[in-house]
Amino acid sequence: MKIEDIIRNGDVSFTKLEQRVATYLVGRPEALALETSAEIAQKLEVSPMTVSRFFKKLGYERATELRTKARQEMSGPRSARIGDRYQSFVRAQATQGADKEREMAEAGINAALNLRASPKWQAGVQCLAQADFVAIVGFQLYQYLATGLAMRLNYVRPGVKVVSGLDGVYTEVFTQGTGRKCLLIIDMFRYASHGPALAEHAKDNGYEVILMCDEFCDWGSRFADHVFTFPNEGQFFLPMPVGLHFGLNLLYQDVVCALGDGATDQVEKMSQYQEVFGAFL
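Residues numbered from 1 in each chain as written. Predicted model: local features only at pLDDT ≥ 70, side-chain atom pairs only at ≥ 80, totals over all residues. Heavy atoms only, no water.

Quick look at the pairing of strand S4 (residues 207-214)
- When you tally the buried positions in S4, you get 8 out of 8 residues, the bulk of the element.
- Burial along S4 is two-sided: the face carrying Tyr207, Val209, Leu211 and Cys213 and the face carrying Glu208, Ile210, Met212 and Asp214 are both buried.
- Pairing of strand S3 (residues 181-186) with S4 involves 6 bridges; the strand directions are parallel. Within the sheet, the bridge partner assigned to Cys182 lies in S4 and is Glu208.
- In this fold, the crossover linking S3 to S4 by way of helix H12 (residues 194-204) has right-handed handedness.
- Pairing of S4 with strand S5 (residues 226-230) involves 5 bridges; the strand directions are parallel. Paired with Met212 across the bridge in S5 is Phe228. (Buried < 20%, exposed > 50% of the residue type's maximum accessible area, 1.4 Å probe, protein only. Helix = DSSP H or I, 4+ residues; strand = E, 2+ residues; numbered from the N terminus. Pairing = 2+ DSSP bridges. Right-handed = clockwise from strand over helix to strand, strands pointing away.)

See the structure below:
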């Protein structure tokens, strides 16, 4: 039996902290082969004892035994990752009820509300409100969120652009002149390879970087000025995460409030063009 199957079959017996470990390893099975128990514990903000107990519940007295199995799975023949994730989803649906889904949704909403109350959230809001230029990029499945946020921000402030990266060099980001510049990146597992490089070079070019990600992103603290993490919802197949959506909505509302009267002219201008082009019935 694959390690992921062993984890899922033991789901009902895990404590809340052990479930955090389970979710992480289901989302990133390679972590078992690449990270020590201490590294996993530190990343998830649990005790090493919690990780050890989790391994024992899987039937492994020593972490080295589980790590050996994980490396064998990684090096042996296996189906494409997207197929693995789909099969995991199908298996999970057989045992996962509405209570579990409600719990996940509430965890995402609570995470967003807790972030909103933090000083770093207010710093991110001021960055988006006061920067002369704001670039927003959403990698892979999250491009639609970047586009939607940029469109909404354009109603209340100028100088906002969604970044496609289609040219391969992110011209929209690196052709901007001086002034305060802000880059907001949206990405969750599995993370785009361009994310860390874009954040790093944007900072080198004078950007303040905001990252919206899940709790297992391990590069954000190195390159982003403000990291907002939301629960991983890996139990779903290619999910539209509740916490991330709610968090982006709160972020936008707070930016509108921070702009205050400064947004009035932009809103009036956009309203006039709505009438000119007759986009609405």
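Side note on the sheet that holds S5
- Strand order in this open sheet of 5 strands is S2-S1-S3-S4-S5, and the pairing throughout is parallel. The two strands at the open ends of the sheet, each matched to only one other strand, are strand S2 (160-162) and S5. Direction aside, the axes of adjacent strands within the sheet are offset by 15° on average.
- Running at roughly 115° to S5, helix H9 (residues 119-130) makes contact with strand S1 (133-138), S3, S4 and S5 of the sheet.
- Helix H10 (residues 143-153) rests against S1, S2 and S3 of the sheet, and its axis sits at about 155° to S1. (Axes fitted to C-alpha atoms, helices over the stretch in contact; angles between N-to-C directions. Contact = heavy atoms within 4.5 Å.)

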